[in-house]
Amino acid sequence: MVDEGGHNFKRLRDKILARSQAQDWDLAKKEWKLVGIYEADEPDTCLCGHTPIIEVCVLANTLNGSRVEVGNRCVKRFLGLRSDLIFAGLKRIREDSSKSLNADATVFFYEKGVITPWEYKFQSDTMLKRVLSGKQLQTRQNINRKVLDHLSRRGI
Ligand SMILES: [Zn+2]
């Protein structure tokens, strides 16, 4: 079960099961959730053994606190979660701070407490707007800066 990106899903599954309470795969994978992301300074290794990964996702087991680091492709396969879209959102605002953070990244950073409830509401009201007032643009850029600052402090 090695996919075209070189990620060995069987190895990932074995390692996840070894760190889970349940021994049934469908049950065990529900114990895990995405708790953090970061961009590695040096190429990192996915739990499945694949290297290099730069966009690193930190997954935690909600029952026993175990943590693992996994690449986007394995996150998608394992949790069915599009962590790659969060990274794509970050790339977009890094290239142009007048653009809005996308939906996936907005929800993720809101859940992590980086974006306040007020900012979350602002994001949902203005995300699709290309033309903003001067004040709105400033607010958007402040949110973008805050998220990128947070990420550069070795993830969240
Ligand atoms: Zn992998």
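Residues numbered from 1 in each chain as written. Predicted model: local features only at pLDDT ≥ 70, side-chain atom pairs only at ≥ 80, totals over all residues. Heavy atoms only, no water.

Considerations on the domain arrangement of the protein
1) Next: As assigned here, the protein comprises domain 1 (9-81) and domain 2 (97-152).
2) Next: Both faces considered, domain 1 and domain 2 share a buried interface measuring about 390 Å² in area, 72% of it formed by carbon and sulfur atoms.
3) Next: Our count for the contact surface shared by domain 1 and domain 2 stands at 1 residue pair in polar contact (both at pLDDT 80 or more).
4) Next: Here the side of domain 1 that touches domain 2 is composed, by residue class, of 4 nonpolar, 1 polar and 1 charged. (Domains from an automatic or database assignment. Buried area = accessible area lost by both parts, 1.4 Å probe. Polar contact = N/O pair within 3.5 Å; in protein donor to acceptor, adjacent residues only side chain to side chain. Nonpolar A, V, L, I, M, F, W, Y, C, P; charged D, E, K, R; others polar.)

So, unusual backbone geometry
1) Next: In this model, T51 is joined to P52 through a cis peptide bond whose omega is 0 degrees.
2) Next: Mapped onto the elements, P52 comes out in the loop between β1 (32-44) and β2 (53-61). (Helix = DSSP H or I, 4+ residues; strand = E, 2+ residues; numbered from the N terminus.)

With respect to the environment of V75
1) Next: Along the chain, V75 turns up in helix α3 (residues 72-79).
2) Next: A relative accessible area of 0% places V75 in the buried class.
3) Next: Remark: the alpha-carbon pair of V75 and V56, spanning 19 residues in sequence, is separated by 9.7 Å.
4) Next: Ignoring sequence-local partners within four residues, the contact set of V75 consists of C57, L59, V70, G80, L81 and S83. (Buried < 20%, exposed > 50% of the residue type's maximum accessible area, 1.4 Å probe, protein only. Contact = heavy atoms within 4.5 Å.)

A closer look at the sheet that holds strand β3 (residues 67-71)
1) Next: Overall, antiparallel pairing links the 3 strands, which are arranged β1-β2-β3 in an open sheet. Each edge of the open sheet is held by one strand with a lone partner, namely β1 and β3. Taking the axes of each pair of neighbouring strands and ignoring which way they run, one obtains an average angle of 30 degrees across the sheet.
2) Next: Where α3 meets the sheet, its contacts fall on β1, β2 and β3, and the angle it forms with β3 comes to roughly 110 degrees. (Pairing = 2+ DSSP bridges. Axes fitted to C-alpha atoms, helices over the stretch in contact; angles between N-to-C directions.)

Details of the pattern of salt bridges
1) Next: Considering all chains together, one arrives at 7 salt bridges under this definition.
2) Next: For K146, the salt bridge identified is with E119, shortest N-O distance 2.8 Å. One end of the pair, K146, is in helix α7 (residues 134-152); the other, E119, is in helix α6 (residues 117-126), and 27 residues separate them in sequence.
3) Next: For K146, a relative accessible area of 29% translates into the label partly exposed.
4) Next: Using a relative accessible area of 13% as the deciding quantity, one classes E119 as buried. (Salt bridge = Lys/Arg side-chain N within 4 Å of Asp/Glu carboxyl O.)

Digging into the nonpolar core
1) Next: Ranked by internal contacts, the top residues of the largest apolar core, which has 41 residues, are L12, I37, V70, L90 and F109.
2) Next: Split by domain, the residues of this core number at least three in each of domain 1 (9-81) and domain 2 (97-152).
3) Next: Ignoring anything within four residues of it in the chain, the contact list for V70 reads L12, C46, L47, I53, E55, V56, C57, L59 and V75. (Core = buried A, V, L, I, M, F, W, Y, C linked by side-chain atoms within 4.5 Å.)

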